[in-house]
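Observations on the model geometry
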Amino acid sequence: MFDADRPILSSAQDKLGRTVFAKYLARCMLDHKYPESLVIGLFGGWGVGKTSIINLTLEELRAASSNMLDEEKPIILNFSPWSYSGQNQLIYSFFRRLSSEIWQFPEFEHSKKIIYLLELYISYFTHKPIPVSFRPKFSGFKKDYYGWESGRDLTQVKAELNALLTQQKRKFIIFIDNISRIQEQEVREIFQIVKSIGDFSNTVYLLSCDKEQVIRTINHLQGSGGTEYIDKIIQLPFDVTPIAKQELENILFDRLNKIIQTLSTETWNKAYWTELYYSLLKDLFTNCRDITRYVNTLSFGFLRIKEVVNPVDFFAITAIGVFEPDVYYGIRDNKDLFTDLMDTVYRLDKDAAQKDRLRCDEIINRAKTCSYEKLKIFLIQLFPRLLNVYEITTHFYHSEEIARKNLRICSPDTFDIYFRLSIPQGHIPDAEMTTILQQTSNRILFSEALARLNQDDKIIKFLDQLDTDFLSSIPTNNISNVVSAILDDGDLFPQGQATLLSFNTPMHIHRICHHLLKRFKTSDERAAILKEAISSSTKSLYIIIHELSEQNREHQETEDTYLPVEHRNLSPENLFELKKLAIEKIKVWEASGRLAEHPKLFSILLAWQKWGDEYECRNYVESLTKTDKGIIAFLCSALETPIQQTITFSQKDSDWGKYVSAIETLIPIANLKKHARKLFEDGYFEKLREPEQLALLIFLDLTHTETTKLIPKTSV
């Protein structure tokens, strides 16, 4: 299913026509007749196919050897220094490999003596003893035997070696690949082996590397002279040029066709693919490794969801994921920007288009290699909504209904499927955070930004990152807009669960508001900001109650958080006025009927009872709970925690009795039992949602109400 990023091994796999060059290179090595060693350089950047050429050359050498006499067949060593990198024994490893290759040819003339001389030679350079099997008999029983104990100096050893090697009809052909991957000092060691240490007669070296990278390495080690150093060592250089675009394209299409053949013909829009490919995709592939990375990523995801996505769109967005991952995550995490998800809620007028253009530009500018203009046009083809954002004069027909039918990525119904197998991103990029915070100069725009973050499931990440140094980047003049927007939208955010070590969303919002308000010197300034936020709020109520409750903690002398009046966020008078304003908001919600639908109804009622007219509050509760819908809403909110614990753990908690006591502060339990029992025993009970059923069951169980139906029990 997946292709390893490996070079080709034989001419049968050669699609670039390099076999002919490899044949001539192999013949050049075999025909080398001079006593001095020959050093060939194979130069090229990452992914141009140097190792593939080596493999083709090895194939030709083996083929040629099969037609040669045994005493003429070359000894071939394919040495990869990368395998030994970091072990501080590169020179030792090279010569040990060379000795081992010779050992495999017992018919090699003077092989034992040559191996012995090589071992002496190694010992001089590495200060390692000669292995026991290669020691001469006269070495006695000494534990270690070193080259200098042979009675020969290094010059004599090399001269004897060269004399023996010159007499051979066999030659050594040594390939050294992956030089660019090893450590800097080891790069120099490789060239030392070739030019001085291993400069033997009847020997041919082929060195494969990125020449520019090696030159930079030598310059770094020596200060300068890298180019001259390489040119002095390499006697026959060859540059492996990048693969031609047309050849790359042929390889890419050949690989993609294998995937496309698994589709029905009508699902592949060739004209649409052509537009996308020539507008950007064609430029992304610069070598075979690019193709391998892309096709492997495509195969991993596409085969699992090909029935529920548009194949051309999936091919296109996968390319962005492979070559421009930061742009890919920007698209994934901003669904509202690239689809018409929010256009029915917020009209895309000129101001909104300008704001969305800033957001989209920030994402496009994350690209490392793609040009801004090409990527923008490409994204407009994928996401036609951007036409209105950029006001492009070139228009093309787009139908939301057809996009949905064709499973296009631009449809909000299918958008998420395209990113189903991607790894979630752990944060919002700083550039995106900056773009969002630029909108704090306008409360409505910032509120819309929060709504989009919430729709894209990014609001918790945003709040978490905002509660850092980003808070200090908000201009003082914009703080009122931030507090107003965040308190107006807070009820719509996922609330989360507070633990002993973590905050839930309301507490996170309080921390943000607290730090922003602290930038003002007086209590009156802070109170004015909160007053404006509460007065202008239309979408949230509980988050306001929570904020004032947290502010109230500073005024409770029994709390650890008790502070002297002069150090509190709000004066007692300010806090009293804000509570009155909050009660007015509760009554507005109550008059419109929205209060009964609020999931945090019970907490809001407790605040009404404590800060406002208790009699009015209790009358409302009594009136509410007389209706079937009202009592269920009331119990669901009052028993929210027991309900969640039952769903999660299927177990009753002995501490649940406190919730019954809390209910009784608002309405006598006796006033609810009869109604709750009736709903439980009625056949309509089975049509209620699970939390609603649990609310009735838990209430009846905790109040020990007798019923004609058996109430399921849970262990305590």
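Read on for an overview of the structure. Remember, predicted model here, so these are calculated numbers, not experimental data. (Residues numbered from 1 in each chain as written. Predicted model: local features only at pLDDT ≥ 70, side-chain atom pairs only at ≥ 80, totals over all residues. Heavy atoms only, no water.)

1. Let's talk about the packing of helix 4 (residues 111-126) against helix 5 (residues 154-166)
Where helix 4 contacts helix 5, the two axes come as close as 10 Å, and the packing angle between them is 150°. Regarding the angle of helix 4 to helix 5, the classification is roughly antiparallel. For the pair helix 4 and helix 5, the crossing hand works out as left-handed. Seen from helix 4, the contacting residues are Lys113, Ile114, Leu117, Leu118, Leu120, Tyr121, Tyr124 and Phe125; seen from helix 5, they are Leu154, Val157, Lys158, Glu160, Leu161, Leu164 and Leu165. A breakdown of the residues in the contact of helix 4 with helix 5 according to their chemical character gives 12 nonpolar, no polar and three charged. (Axes fitted to C-alpha atoms, helices over the stretch in contact; angles between N-to-C directions. Helix = DSSP H or I, 4+ residues; strand = E, 2+ residues; numbered from the N terminus. Parallel < 35°, antiparallel > 145°, perpendicular 65-115°, else oblique. Left-handed = near helix turned anticlockwise from the far one by under 90°. Contact = heavy atoms within 4.5 Å. Nonpolar A, V, L, I, M, F, W, Y, C, P; charged D, E, K, R; others polar.)

2. Comments concerning the side chain of Asp177
Here Asp177 shows up in the loop between strand 3 (172-176) and helix 6 (184-197). Put simply, Asp177 is tucked away with no salt bridge, and the nearest opposite charge, on Lys50, sits 6.1 Å away. A distance of 2.6 Å separates the side chain of Asp177 from the side chain of Thr51, its partner in a polar contact. Once residues lying within four places of it in the same chain are set aside, the contact partners of Asp177 are Thr51, Ile54, Phe79, Ser80, Pro81 and Ser208. (Buried < 20%, exposed > 50% of the residue type's maximum accessible area, 1.4 Å probe, protein only. Lys, Arg positive; Asp, Glu negative; His and termini not counted. Salt bridge = Lys/Arg side-chain N within 4 Å of Asp/Glu carboxyl O. Polar contact = N/O pair within 3.5 Å; in protein donor to acceptor, adjacent residues only side chain to side chain.)

3. Digging into the packing of aromatic side chains
Here the structure, examined in full by the defined rule, presents 23 aromatic pairs. An angle of 90° between the planes, with centres 6.1 Å apart, marks the rings of Trp273 and Phe315 as edge-to-face. Note that Trp273 is positioned in helix 10 (residues 270-284) and Phe315 in helix 12 (residues 311-323), a separation of 42 residues in sequence. Taken as a pair, Trp273 and Phe315 share a single burial class, namely buried. Taken together, a centroid distance of 5.1 Å and an interplanar angle of 90° make the contact between Tyr277 and Tyr278 edge-to-face. Every member of this aromatic cluster is reached through a ring pair, and the members are Phe253, Trp268, Trp273, Tyr277, Tyr278, Phe302, Phe314, Phe315 and Tyr418. In this structure, Lys600 packs its charged tip against the face of Tyr542, placed 5.3 Å from the ring centre. (Phe/Tyr/Trp six-rings, centres within 6.5 Å; stacked < 30°, edge-to-face > 60°. Lys NZ or Arg CZ within 6 Å of the ring centre and 35° of its normal.)

4. Some thoughts on the environment of Glu184
Looking at where Glu184 falls in the secondary structure, it is placed in helix 6. Put simply, Glu184 and Val214 are 30 residues apart on the chain and 8.5 Å apart in space, counted from C-alpha to C-alpha. Excluding anything up to four places from it in sequence, Glu184 contacts Thr217, His220 and Leu221.

5. A look at the pairing of strand 3
Counting buried positions along strand 3 gives five out of five residues, so the element sits mostly inside the fold. Side chains of strand 3 alternate between two faces, with Phe172, Ile174 and Ile176 and Ile173 and Phe175 buried alike. In this structure, strand 2 (residues 75-79) lies alongside strand 3, joined through five bridges in parallel fashion. The residue of strand 3 that forms the bridge with Asn78 is Phe175. Note that strand 3 and strand 4 (residues 203-209) share five bridges and pair parallel. Bridge pairing links Ile176 to Leu207 in strand 4. (Pairing = 2+ DSSP bridges.)

6. Some details on the packing of helix 27 (residues 601-611) against helix 29 (residues 628-638)
Running from N to C, helix 27 and helix 29 point in directions that differ by 90°, and their axes come no closer than 7 Å. With respect to helix 29, the axis of helix 27 lies roughly perpendicular. In contact with Leu601, Phe602 and Leu605 of helix 27, helix 29 contributes Ala633, Phe634, Ser637 and Ala638. Looking at the contact of helix 27 with helix 29 residue by residue, the classes come out as six nonpolar, one polar and no charged.

7. A closer look at the pattern of salt bridges
Scanning all chains against the criterion turns up 29 salt bridges. A salt bridge links Lys355 to Glu448, with the nearest nitrogen and oxygen atoms 3.0 Å apart. In this pair, Lys355 sits in helix 15 (residues 350-364) while Glu448 sits in helix 20 (residues 443-455), placing the two residues 93 residues apart along the sequence. Taken individually, Lys355 and Glu448 each receive the classification buried, so the pair is uniform in this respect. Glu362 serves as the salt-bridge partner of Arg366, at 2.9 Å between the closest nitrogen and oxygen. Connected through salt bridges with shared partners, the residues Asp336, Lys355, Asp356, Arg359, Arg385, Glu448 and Arg452 form a single ionic network.

8. So, unusual backbone geometry
At Asn178, a residue that is not glycine, the phi angle is positive and equals roughly 60°. By secondary structure assignment, the location of Asn178 is in the loop between strand 3 and helix 6. Overall, the relative accessible area of 17% leaves Asn178 in the buried class. Of note in this structure, Leu407 is not a glycine but carries a positive phi near 60°. Along the chain, the position of Leu407 falls in the loop between helix 18 (400-405) and helix 19 (430-437). Residue classification places Leu407 among the partly exposed positions, given a relative accessible area of 25%.

9. What about the sheet that holds strand 2?
Pairing is parallel in the open sheet, where five strands are placed in the order 2-3-4-1-5. Edge positions in the sheet fall to strand 2 and strand 5 (236-239), since each of these pairs with one other strand and no more. Strand-to-strand twist of the sheet, defined as the mean angle between neighbouring strand axes without regard to direction, takes the value 15°. As judged from the four bridges shared by strand 1 (residues 38-43) and strand 5, these two strands associate in the parallel manner. Across the sheet, the residue bridging to Leu42 is Phe238, located in strand 5.

10. Quick notes on the pairing of strand 4
The buried count for strand 4 comes to seven of seven residues, which makes it a mostly enclosed element. The side-chain alternation of strand 4 yields two buried faces, one formed by Thr203, Tyr205, Leu207 and Cys209 and the other by Val204, Leu206 and Ser208. Of the strand pairs in this sheet, strand 1 and strand 4 are connected by six bridges, and their pairing is parallel. Note that in strand 4 the partner of Val39 across the bridge is Tyr205.

Everything listed here is a matter of coordinates, which is why it stays silent on function.
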